[in-house]
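Structural characterization, general
Each chain, letter by letter, is given below.
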Amino acid sequence: MTLGELVRETRTAMGLSQAALGEKVGLSQQAIAAIERGDVAEPRNLKALVDVLGLSLEIHGLSPNKMSPREVRTPFRVKGQHRSPSGVTTVVPMIPAGPPLAKELPVLGVAAGGNAGAFHISDTTYDTVPAPPELANVAGSYVVYCYGESMVPRFYAGERVYVHPRLPVARGDFVVVQLAESGETEPTEGIVKQFVSQDDESLILHQFNPEQDLAIPIERVRHMHKIVFSGRPY
């Protein structure tokens, strides 16, 4: 088994996407894909990669991606090695036990009148949906439904957006912004837009339909969270 095959099988068994694994070890999604294809002879951040996957690496002067199961000096020393009847050494990756995955995420917000595309937020969880592996253990992650057509063609009415509340937001990211009335602490309204910039006075957001930038007074902004993916519910 090559390093790329072992990484792919172990990552899949752990429920991680290539992007999620790359984030954990400091590599891009493209770099993880190249490792899994066997294109990279000596991967950067190799130690971090095998540590995250729960493997133990011991290289004996050979390239990990070029080694086959028939080579006696396999660089992977993991629990679960055994010999098949043909005498070939097989490596069985040991997946570290992690916290139990959350089965559901809360849906925040229901349609509200007034501001096109806005939704009403309260302390009530209106619904729950199955949690994808990427967010199952992310505290505070949640889902909202898109309302109206202000973000068409990027998001359509009725589409779910999945929110990671702990990722940094950069220019061009799509976000859920939770707003409060002036002087109030708890947010009561949410909007789905594209982040442009912010200063001490305003948060600048972009919408597609009609095409325009919106200036939101910064005193109304309580939270801005990054949307990591979306999809239609049915």
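As a starting point, this report considers the structure included with it. Just so it is clear, the model here is predicted, and its values are computed rather than measured. (Residues numbered from 1 in each chain as written. Predicted model: local features only at pLDDT ≥ 70, side-chain atom pairs only at ≥ 80, totals over all residues. Heavy atoms only, no water.)

What follows is about the pattern of salt bridges. This model, assessed by the stated rule, comprises four salt bridges. Taking the shortest distance from any N to any O, the salt bridge between Arg11 and Glu36 comes out at 2.6 Å. Of this pair, Arg11 sits in helix α1 (residues 3–13) while Glu36 sits in helix α3 (residues 29–37); the two residues are 25 residues apart in sequence, bridging distant segments of the chain. Each member of the pair, Arg11 together with Glu36, is buried. (Salt bridge = Lys/Arg side-chain N within 4 Å of Asp/Glu carboxyl O. Helix = DSSP H or I, 4+ residues; strand = E, 2+ residues; numbered from the N terminus. Buried < 20%, exposed > 50% of the residue type's maximum accessible area, 1.4 Å probe, protein only.)

Counting buried residues in strand β10 (residues 189–198) gives eight out of ten residues, a clear majority hidden from the surface. As judged from the two bridges shared by strand β5 (residues 119–120) and β10, these two strands associate in the antiparallel manner. Residue His120 lies in a different strand from β10, and its bridge partner there is Glu189. Summarising the sheet, strand β9 (residues 174–179) and β10 pair through six bridges and their orientation is antiparallel. Directly across from Val175, in β10, lies its bridge partner Lys193. Alignment of β10 against strand β11 (residues 202–208), held across four bridges, turns out to be antiparallel. Residue pairing for β11: Phe195 is matched across the bridge by Leu205. (Pairing = 2+ DSSP bridges.)

It is worth spelling out the pairing of strand β7 (residues 142–145) at this point. As a general feature of sheets, a regular strand has side chains that alternate between the two faces. Burial along β7 is two-sided: Tyr142 and Val144 facing one way and Val143 and Tyr145 facing the other are all buried. Two strands pair when backbone bridges link them, and β7 and strand β8 (residues 160–164) are joined in this way by four bridges, in the antiparallel orientation. Residue Tyr142 lies in a different strand from β8, and its bridge partner there is Val163.

A few words now on helix α2 (residues 18–25). Among the residues of α2, those classed as buried are Gln18, Ala20, Leu21, Gly22 and Val25. Close packing links the buried residues of α2 with α1, α3 and α4 (46–52). (Contact = heavy atoms within 4.5 Å.)

Moving on: the packing of α2 against α3. One can describe the packing of α2 onto α3 by two numbers: an axis separation of 8 Å at closest approach and a directional angle of 105°. Between α2 and α3, the interaxial angle falls into the category roughly perpendicular. For the pair α2 and α3, the contacting residues are Gln18, Ala19, Leu21, Gly22 and Val25 in the first and Gln29, Ile32, Ala33 and Glu36 in the second. Of the residues contributing to the contact of α2 with α3, the split by class is five nonpolar, three polar and one charged. (Axes fitted to C-alpha atoms, helices over the stretch in contact; angles between N-to-C directions. Parallel < 35°, antiparallel > 145°, perpendicular 65-115°, else oblique. Nonpolar A, V, L, I, M, F, W, Y, C, P; charged D, E, K, R; others polar.)

By the element assignment, Lys193 lies in strand β10. Look at Lys193: it is buried, it has no salt bridge, and the nearest opposite charge is Glu189 at 9.7 Å. A distance of 2.7 Å separates a polar atom in the side chain of Lys193 from a polar atom in the side chain of Gln207. (Lys, Arg positive; Asp, Glu negative; His and termini not counted. Polar contact = N/O pair within 3.5 Å; in protein donor to acceptor, adjacent residues only side chain to side chain.)

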